[in-house]
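Reading the structure
The residues making up each chain are set out below.
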Amino acid sequence: MADLLSREAVVIDATASTAEQAIRLTGQVLVDVGAVEASYVEAMLAREQSVSTYMGEGFAIPHGTVESKGSVQRDALSFVRFPEGVDWNGNDVRIAIGIAAAGDNHVGILSKLASILVDPESARQLREVADADTVLALLQPDEGESD
């Protein structure tokens, strides 16, 4: 997982007034870590216009369109926590996990996220996380995969 979500791609204390601002921030983190070209952020916004990336339990997983895969430099994730929440089309989002994927390497982390979302205690731990190391530990795959 270390190759997908780096410490530099974890933001613990972000603010945004709208889902669009939150998506732009989440996408910019992917740009800043060299995972995507800047145009990918616009594709993330386009994806949100076609289908909401809100997942429940205060989480959203903004990502680009199929057509934007060419602007992905490497598969990566960003983790952005909004302690005050963001109105995501009527839903309260506290965590946005940005996905940049040209391949399928993100499937394991999405599986882990899905298991977290069905466990209210795990979801609460991520919503209240205080540092990047804890994020990385909580999102570590359960099986014997190593970093």
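Given the structure is predicted, the values throughout are model-derived calculations rather than measurements.

This paragraph deals with the pattern of salt bridges. Counted by the stated rule, this structure contains 7 salt bridges. Among the salt bridges present, the one from Arg24 reaches Glu20, with a minimum N-O distance of 3.2 Å. Here the residue Arg24 and the residue Glu20 both occupy positions in helix H1 (residues 19-32), the gap between them amounting to 4 residues, near one helical turn. You can call Arg24 partly exposed: its relative accessible area is 34%.

Along its 14 residues, H1 runs 20 Å from first to last C-alpha, staying within 8% of the 20 Å computed at 1.5 Å per residue. Of the positions making up H1, those classed as buried are Ala19, Ala22, Ile23, Thr26, Gly27, Val29 and Leu30. Within H1, the buried residues cover an arc of 145 degrees as seen down the axis, which keeps them to one side. In the core, the buried residues of H1 are packed alongside strand S1 (10-11), helix H2 (39-50), strand S4 (76-88) and strand S5 (91-100). Just downstream of H1, Gly34 is the residue with a positive phi angle, here 80 degrees.

On average, the protein scores 88 in pLDDT, and the residues at 70 or more come to 90%. Confidence, read as mean pLDDT per element, is least for helix H3 (residues 107-117) in the protein (73) and greatest for H1 (98).

Let us look at the pairing of S5. For S5, a buried count of 7 out of 10 residues is recorded, marking the element as mostly surrounded by other parts of the structure. Looking at chain direction, strand S3 (residues 59-60) and S5 are connected through 2 bridges and run parallel. Bridging across to S5, Phe59 finds its partner in Ile95. Strand direction decides the pairing type here: S4 and S5, joined by 9 bridges, are antiparallel. The residue of S5 that forms the bridge with Val80 is Ala96. Hairpin connection between S4 and S5: a loop of 2 residues separates the two successive antiparallel strands, and Asn89 in this loop has a positive phi of roughly 55 degrees.

Here is a general trend for soluble globular proteins: nonpolar side chains tend to be buried in one another's company. Judged by nonpolar contacts, the single largest core of 46 residues is most densely connected at Leu5, Phe79 and Trp88. Elements represented by at least two residues in this core include exactly H1, H2, S3, S4, S5, H3, helix H4 (120-127) and helix H5 (132-138). Sorting elements by how many residues they give to this core places S4 first, with 7 residues. Discounting chain neighbours no more than four positions away, the residues touching Trp88 are Ala19, Ala22, Ile23, Glu48, Ser52, Thr53, Tyr54, Ala60, Pro62, Val93 and Ala96.

This paragraph deals with the environment of Glu8. For Glu8, the location among the structural elements is in the segment before S1. Remark: the alpha-carbon pair of Glu8 and Ser78, spanning 70 residues in sequence, is separated by 8.6 Å.

Glancing now at the sheet that holds S1. Spatially, S1-S4-S5-S3-S2 is the arrangement adopted by the 5 strands of the open sheet, whose pairing is mixed. This sheet does not close on itself; its edge strands, each paired only once, are S1 and strand S2 (54-56). The pairing of S1 with S4 spans 2 bridges and is parallel. Looking at S4, one finds that Val10 is bridged to Phe79.

Scoring rules and cut-offs
- Residues numbered from 1 in each chain as written.
- Predicted model: local features only at pLDDT ≥ 70, side-chain atom pairs only at ≥ 80, totals over all residues.
- Heavy atoms only, no water.
- Salt bridge = Lys/Arg side-chain N within 4 Å of Asp/Glu carboxyl O.
- Helix = DSSP H or I, 4+ residues; strand = E, 2+ residues; numbered from the N terminus.
- Buried < 20%, exposed > 50% of the residue type's maximum accessible area, 1.4 Å probe, protein only.
- Expected span 1.5 Å × (residues − 1).
- Arc of directions from axis to C-beta.
- Contact = heavy atoms within 4.5 Å.
- pLDDT = per-residue confidence, 0-100.
- Pairing = 2+ DSSP bridges.
- Core = buried A, V, L, I, M, F, W, Y, C linked by side-chain atoms within 4.5 Å.

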